[in-house]
Number of protein chains: 2
Amino acid sequence: MKQINGGVTAAAGFSATGLAVGIKKKSEKKDMALVYSKVPCKVAGTFTKNVVKAACVKYDMDVVENSPFVQAVVVNSGIANACTGALGYEYCGLTAKATGEALNIPESAVLVGSTGVIGAQLPIDKITEGVKLMAPLLGETVEDGTLAAEAIMTTDTISKEIAFEVEIGGKTVTVGGMCKGSGMIHPNMCTMLAFITTDVNISKEMLTKAVKANVEDTFNMVSVDRDTSTNDTMLVLANGLAGNEEITEENEDFKKFSDALLAVNTYLAKKMAGDGEGATALFEVVVEGAETKAQAVTIAKSVVTSNLVKTAIAGHDANWGRILCAMGYSGAQFDPEKVDLYFKSSAGELKIVEDSVSTGYSEEKATEILSQPEITALIDIKMGDAKATAWGCDLTHEYISINADYRS
Amino acid sequence: MKQINGGVTAAAGFSATGLAVGIKKKSEKKDMALVYSKVPCKVAGTFTKNVVKAACVKYDMDVVENSPFVQAVVVNSGIANACTGALGYEYCGLTAKATGEALNIPESAVLVGSTGVIGAQLPIDKITEGVKLMAPLLGETVEDGTLAAEAIMTTDTISKEIAFEVEIGGKTVTVGGMCKGSGMIHPNMCTMLAFITTDVNISKEMLTKAVKANVEDTFNMVSVDRDTSTNDTMLVLANGLAGNEEITEENEDFKKFSDALLAVNTYLAKKMAGDGEGATALFEVVVEGAETKAQAVTIAKSVVTSNLVKTAIAGHDANWGRILCAMGYSGAQFDPEKVDLYFKSSAGELKIVEDSVSTGYSEEKATEILSQPEITALIDIKMGDAKATAWGCDLTHEYISINADYRS
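Note that the coordinates shown come from a computational prediction; the quantities given were computed from them, not determined experimentally.

*Asks:* I keep staring at the overall build of chain A and nothing clicks. Help me out?
*Replies:* If you tally the helices and strands in chain A, you get eleven helices and 15 strands. With respect to the principal axes defined by its C-alpha atoms, chain A has extents near 70 × 55 × 35 Å. Counting over 408 residues, chain A shows a buried share of 63%.

*Asks:* Sorry if this is basic, but what is going on with helix 3 (residues 124-134) of chain B here?
*Replies:* For the α-helix, the turn length of 3.6 residues means that residues three or four positions removed from each other point alike. Residue and element names in this part refer to chain B. Those residues of helix 3 that sit buried are Ile 127, Gly 130, Val 131 and Met 134. Each buried residue of helix 3 sits inside an arc of 100 degrees when the element is viewed along its axis, so together they form one side. Those residues of helix 3 that are exposed and angled more than 90 degrees off the buried face are Asp 125 and Lys 132.

*Asks:* What is the right way to look at the packing of helix 1 (residues 55-66) of chain A against helix 2 (residues 85-103) of chain A in this model?
*Replies:* Describing two packed helices takes the angle between their axes plus the distance from one axis to the other. Residue and element names in this part refer to chain A. As a packed pair, helix 1 and helix 2 sit with axes 8 Å apart at the nearest point and diverge in direction by 50 degrees. On the basis of the axis angle, helix 1 is oblique to helix 2. Both helix 1 and helix 2 take part in a crossing whose hand is right-handed. Every residue of helix 2 that contacts helix 1 at Ala 55, Cys 56, Lys 58 and Tyr 59 is listed here: Gly 88, Tyr 89, Tyr 91 and Cys 92.

*Asks:* Would you mind showing me how to read the relation of the copies chain A and chain B here?
*Replies:* In this structure, two copies of a chain are linked by a rotation about an axis accompanied by a shift along it. By a simple turn and slide, chain A fits onto chain B: the slide is 0.0 Å along the axis, the RMSD is 0.0 Å, and the turn is 180 degrees. In short, the pair behaves as if placed about a two-fold rotation axis. Rotation axis and chain A: the residue whose C-alpha lies nearest the axis is His 397 of chain A, separated from it by 2.7 Å. Take the interface residues of chain A: 100% of them recur as interface residues in chain B, which is what a same-surface contact looks like.

*Asks:* Help me understand the packing of helix 8 (residues 307-314) of chain A against helix 9 (residues 321-328) of chain A, please; the structure alone is not making it clear to me.
*Replies:* Residue and element names in this part refer to chain A. The geometry of helix 8 relative to helix 9 is characterised by a closest axis approach of 9 Å and an angle of 160 degrees between their N-to-C directions. In this view, helix 8 runs roughly antiparallel relative to helix 9, as classed from their interaxial angle. For the pair helix 8 and helix 9, the sense of crossing is left-handed. Between helix 8 and helix 9, the residues in contact are Leu 308, Val 309 and Ala 312 and Arg 322, Ile 323 and Ala 326, respectively. Here the residues of the contact of helix 8 with helix 9 are counted per class, giving five nonpolar, no polar and one charged.

*Asks:* Is there a simple way to explain the sheet that holds strand 12 (residues 348-354) of chain A in this structure?
*Replies:* Strands pair in a sheet through their backbones, by hydrogen bonds, and they do so in one of two ways: parallel or antiparallel. All names here are of chain A. The sheet built from six strands is open, its strands ordered 13-12-11-14-10-15 with mixed pairing. The open sheet terminates on both sides in strands that have one partner only, identified here as strand 13 (357-358) and strand 15 (386-393). When strand 11 (residues 340-345) meets strand 14 (residues 374-380), the two strands line up antiparallel, connected through six bridges. Bridge assignment links Phe 343 to a residue of strand 14, and that residue is Ala 377. Along the sheet, helix 6 (residues 252-274) makes contact with strand 10 (282-290) and strand 15, crossing strand 15 at roughly 45 degrees. Set on the sheet, helix 7 (residues 293-305) makes contact with strand 10, strand 14 and strand 15; between it and strand 15 the angle comes to about 20 degrees.

*Asks:* How should I be thinking about helix 11 (residues 397-404) of chain A in this particular structure?
*Replies:* Inspection of helix 11 of chain A places Tyr 399, Ile 400, Asn 403 and Ala 404 of chain A among the buried residues, and these make up the whole buried set. One side of helix 11 of chain A holds all its buried residues, which, seen down the axis, span an arc of 110 degrees. Contact partners of the buried residues in helix 11 of chain A: helix 8 (307-314) and helix 11 (397-404) of chain B.

*Asks:* What's the story with the sheet that holds strand 10 (residues 282-290) of chain B in this structure? I'm lost.
*Replies:* Strands sit in the order 13-12-11-14-10-15 (chain B) across an open sheet of six strands; the sheet is mixed. Each having just a single partner strand, strand 13 (357-358) and strand 15 (386-393) of chain B make up the two edges of the open sheet.

*Asks:* Any chance you could explain unusual backbone geometry here in plain terms?
*Replies:* In terms of backbone geometry, most residues other than glycine have negative phi values and most peptide bonds are trans. Residues and elements named next belong to chain A. Here the phi dihedral of Cys 83 falls at roughly 60 degrees; this positive angle occurs in a residue that is not glycine. Taking the C-beta count within 10 Å as the criterion, Cys 83 has 27 such neighbours and is therefore assigned buried. The backbone of Lys 382 sits at a positive phi, close to 50 degrees, despite the residue not being glycine. Along the chain, the position of Lys 382 falls in the loop between strand 14 and strand 15. Taking the number of C-beta atoms within 10 Å as the measure of exposure, Lys 382 has 13 and is therefore partly exposed.

*Asks:* Mind showing me how you'd approach the interface of chain A and chain B here?
*Replies:* One widely used convention gives an interface's size as the accessible area the parts lose upon coming together. The interface of chain A with chain B comprises 52 residues on the first partner and 52 residues on the second. Among the residues forming the side of chain A that touches chain B, the class breakdown is 23 nonpolar, 22 polar and seven charged.

*Asks:* Is there a simple way to think about the environment of Trp 391 of chain B in this case?
*Replies:* Within the secondary structure layout, Trp 391 of chain B lies in strand 15. When sequence neighbours within four positions are dropped, the list of residues in contact with Trp 391 of chain B reads Met 221, Val 222, Ala 269, Lys 270, Ala 273, Leu 282, Glu 284 and Val 304 of chain B.

*Asks:* What is the right way to read the domain arrangement of chain A from this model?
*Replies:* Residue and element names in this part refer to chain A. By the assigned domains, chain A splits into domain 1 (2-274) and domain 2 (282-404). Here the C-alpha centroids of domain 1 and domain 2 sit 32 Å apart. Contact residues are listed per partner, giving eleven residues for domain 1 and eleven residues for domain 2. Partitioning the side of domain 1 that touches domain 2 into residue classes produces five nonpolar, four polar and two charged.

*Asks:* What is the right way to read the pairing of strand 12 (residues 348-354) of chain B from this model?
*Replies:* Consecutive residues of a regular strand have side chains that alternate between opposite faces of the sheet. Residue and element names in this part refer to chain B. As defined by bridge partners, strand 11 (residues 340-345) adjoins strand 12 across five bridges and the pair is classed as antiparallel. Residue pairing in the sheet places Leu 341 in a bridge with Val 353 of strand 12. What sits between the antiparallel neighbours strand 11 and strand 12 is a turn of two residues. In this structure, strand 12 lies alongside strand 13, joined through two bridges in antiparallel fashion. Across the sheet, residue Glu 354 finds its bridge partner in strand 13, namely Val 357. The turn joining strand 12 and strand 13, which pair antiparallel and follow one another in sequence, is formed by two residues; a positive phi near 45 degrees is taken by Asp 355.

*Asks:* Can you walk me through the environment of Ala 11 of chain B in this structure?
*Replies:* Residues and elements named next belong to chain B. Residue placement: Ala 11 occurs in the loop between strand 1 (2-4) and strand 2 (14-19). Note on Ala 11: 27 C-beta atoms within 10 Å, which makes it buried. Distance from Ala 11 to Val 173, taken between C-alpha atoms, is 7.5 Å for residues 162 residues apart in sequence. Those residues in contact with Ala 11, other than ones at most four positions away along the chain, are Thr 174, Val 175, Gly 176, Thr 197, Thr 198 and Asp 199.

*Asks:* What am I meant to see in the pairing of strand 6 (residues 160-168) of chain B here?
*Replies:* Residues and elements named next belong to chain B. For strand 6, a buried count of seven out of nine residues is recorded, marking the element as mostly surrounded by other parts of the structure. Alignment of strand 1 against strand 6, held across three bridges, turns out to be antiparallel. The partner of Gln 3 across the bridge, within strand 6, is Phe 164. Pairing of strand 6 with strand 7 (residues 171-180) involves nine bridges; the strand directions are antiparallel.

*Asks:* Sorry if this is basic, but what is going on with the environment of Gln 372 of chain A here?
*Replies:* Residue and element names in this part refer to chain A. Take Gln 372: it is sitting in the loop between helix 10 (363-369) and strand 14. The class for Gln 372 is partly exposed, based on 17 C-beta atoms found within 10 Å. A sequence separation of 28 residues divides Gln 372 from Ile 400, and the C-alpha atoms of the two residues are 22 Å apart. In contact with Gln 372, not counting residues within four places along its chain, are Ser 345, Ser 346 and Ala 347.

*Asks:* Any chance you could explain the confidence of the model for chain A here in plain terms?
*Replies:* Caution applies to low-pLDDT parts of the model: their predicted coordinates are not meant to be read in detail. Scored by pLDDT, chain A comes out at a mean of 91, with 96% of its residues at no less than 70. Reported confidence for the predicted complex is 0.80 by ipTM and 0.82 by pTM.

Thresholds, definitions, all that
- Counting starts from 1 at the beginning of each chain's written sequence and moves along it residue by residue.
- Ligands are numbered from 1 and chains lettered from A, in the order in which they are written.
- At least 70 in pLDDT is required for a residue's local features to be given in this predicted model, at least 80 for side-chain atom pairs to be given and counted, and no such filter applies to totals for whole chains, interfaces and linings, which use all residues.
- The helix count covers DSSP runs of H or I at least four residues long, the strand count covers runs of E at least two residues long, and both are numbered beginning at the N terminus.
- Buried means a residue has 20 or more other C-beta atoms within 10 Å of its own C-beta, exposed means 12 or fewer, and partly exposed covers the counts in between; C-beta atoms are placed from the backbone.
- Note that the arc is defined by the directions from the helix axis to the C-beta atoms.
- Convention adopted: a line fitted to C-alpha atoms gives each axis, helices being fitted over their contacting stretch, and angles between N-to-C directions are expressed from 0 to 180 degrees.
- Here roughly perpendicular refers to angles of 65 to 115 degrees, roughly parallel to angles under 35, roughly antiparallel to angles over 145, and oblique to all remaining angles.
- Crossing handedness is read from the near helix: turned anticlockwise from the far helix by less than a right angle, it gives a left-handed crossing, and turned clockwise, a right-handed one.
- Here the contact rule is simple: place C-beta atoms from the backbone, and any two residues whose C-beta atoms are within 7 Å are in contact.
- Copies overlap after least-squares fitting; the atoms used are the C-alpha atoms of residues with pLDDT of at least 70 in both.
- Think of it as three bins: nonpolar holds Ala, Val, Leu, Ile, Met, Phe, Trp, Tyr, Cys and Pro, charged holds Asp, Glu, Lys and Arg, and polar takes everything else, Gly as well.
- Whether two strands pair depends on DSSP finding at least two bridges between them.
- The split into domains, and so the bounds of each, comes from an automatic or database assignment of domains.
- Scored from 0 to 100, pLDDT reflects the predictor's confidence in each residue.

Right, dumping it as structure tokens:
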């Protein structure tokens with residue numbers, strides 16, 4: 001497996017584009033993206049578990065469940081189409097209809113996505129007009145994929161895309177993807193919005209299996225602010241153009257594809273965490289020595305989501321007591337007298353706590369380690385062999401600035 | 001029942017004081033408090049459910065369980081005595097011993113409390129010396145109680161105390177208390193530190209029953225930052241000096257006392273929420289129309305703890321979608337199409353959402369309502385008659401400033 005240039009247009013047969021159609025207040029900002037496969041795709045998806053689901057989430061759940069194939073995804077940023085009642089759902093259908101007409105594919109082969117402010121209605125005329133404008137702009141280059149990745153951003157500061165190649169049955173299979181994150185990020189079944197394209201030849205059943213397993217260790221281990229969105233959507237489109245023998249069981253080929261998907265998802269998940277709203281650092285929490293994976297997951301997520309831990313990271317302050325505190329209220333049981341803790345980054349590694357008391361470490365060295373853009377807290381609870389990794393970010397003034405007047 | 005002046009010294013026979021002994025870095029800041037009853041007290045308490053418990057919490061749990069009576073509480077601020085190993089626990093005993101000697105009461109009649117930085121050891125010589133200095137300073141006036149309330153503050157901006165009088169069996173019973181809160185506030189069994197004194201005559205069993213019931217609706221409904229502390233402690237000392245017939249069952253007298261305790265705890269809980277670290281507003285969330293109280297509690301707590309809701313409140317922004325979103329990921333089931341939402345404050349009341357869509361309310365009026373120091377979000381899920389109230393605060397730049405360099 002190797003990383004290659006590109007994102008959603010990396011796999012054979014996929015094209016994309018992005019455009020500013022006037023949904024966002026700043027009219028020069030791109031706010032619509034279109035991804036298209038020239039041949040029909042199998043699709044699998046995971047969606048938010050929030051009881052309050054955006055119209056587009058409900059719409060896509062139906063498409064993923066019932067459509068014989070899909071061929072396009074159309075996404076807007078700026079307005080989330082959540083809490084918009086029957087009209088919001090109707091707009092999803094109108095968007096799909098316009099896209100189907102523009103691309104000459106069935107309406108049922110179109111998935112829709114939205115991200116942005118909750119509660120406002122979409123400007124449906126701008127959307128349907130936008131689709132018409134975008135169809136002739138679709139392209140297969142890396143740059144075309146980047147246009148789409150940029151168009152789904154809200155408060156993201158960088159676009160997020162990646163692609164990997166892997167050889168399966170003598171054929172080169174490509175898996176590429178893009179996502180957006182930033183705020184309201186605490187995926188419970190997957191991220192804000194992530195779109196993965198691949199030319200692998202795989203059955204829908206096995207594609208779904210790969211996606212569900214994968215998401216648990218990647219997007220579901222990310223948190224920016226513990227707010228699980230109404231819009232979380234992850235979609236994987238597989239068009240089969242790589243020409244490998246169709247994957248229909250959990251064989252070696254399935255394993256290779258799953259690993260490539262895992263590489264894409266892990267990269268995107270970490271990018272999303274590190275670009276959390278206002279973040280200055282990616283904060284990785286590794287819990288080792290757990291009795292069960294569930295225990296490790298619970299502790300890692302509790303630490304990575306603690307406001308007090310996150311503000312300490314923002315201040316480059318080795319305030320490790322907050323980490324032990326967050327472990328303690330996580331709900332997981334462990335021996336509170338047996339915890340070891342290390343901080344790691346490009347500036348080195350330091351053992352901070354042994355058996356739950358300070359090692360007498362150098363505060364100066366700890367601050368140096370915690371001043372890097374990617375920081376790891378490694379926690380060993382010395383009970384077993386299970387482990388888990390969660391990703392988040394520091395909590396800064398900028399998060400407050402962004403969210404105290406997001407709608408202004 | 002009526003509110004009266006004072007706090008922990010309001011009830012008959014209680015005296016208190018506070019002193020700066022040099023635990024906090026700013027040496028002029030008071031950092032030790034002593035509360036004393038001239039006669040033995042029954043005691044009940046609730047403590048943090050965090051797996052990582054401060055030494056003082058473990059120590060007090062033993063005293064509350066096993067001591068025949070208590071007569072004093074000695075508290076320091078600045079250092080939490082959490083994650084301090086065997087030495088930290090030993091220091092609790094040394095503190096109690098010094099207090100017993102200074103007040104001429106058994107060591108086993110002394111409760112200890114700590115709040116502040118986790119992981120550092122107490123300067124035990126300053127503590128034992130401080131106890132000796134404080135003993136002769138004890139006084140029964142309102143001002144003496146305030147000295148104690150001030151001495152337990154950390155990042156609190158105001159001291160928090162209250163007292164109520166109620167007539168029970170022809171006798172005037174007084175319940176007074178003080179607490180501190182501010183950061184790492186998400187009590188799971190009670191608050192950071194709250195100390196209630198009363199002269200009621202009541203059995204230990206009934207005192208415990210009143211405390212446990214009470215805490216669920218008061219301190220356990222407060223959250224500043226979702227971080228459940230290692231030190232949460234609530235203690236109620238009852239010395240019987242009011243002279244009422246001893247309360248030994250759930251009769252009318254018990255009800256009257258419980259109501260007075262509820263009034264004290266509610267007041268303190270709201271004060272703690274409104275004075276959360278960096279807060280500019282008390283944020284109250286009322287959930288009505290629930291099928292069960294548990295459902296109402298789950299939804300109310302989810303909304304009051306959402307970083308995105310809290311930053312919107314800080315920005316006086318009626319970003320109601322975030323409230324529906326936080327309800328949706330709470331874990332409680334409800335009909336996402338049937339939610340009504342109102343904002344209320346001293347500036348008026350406004351219906352924002354009906355059946356989960358915007359009412360087309362005036363944004364200007366909403367902002368005016370949300371610009372007051374005490375704000376209520378009233379949520380009706382129209383399923384039944386159960387309700388719950390939670391208290392929190394907005395999330396501001398100041399919270400980040402306080403916590404990004406708390407130890408500096």
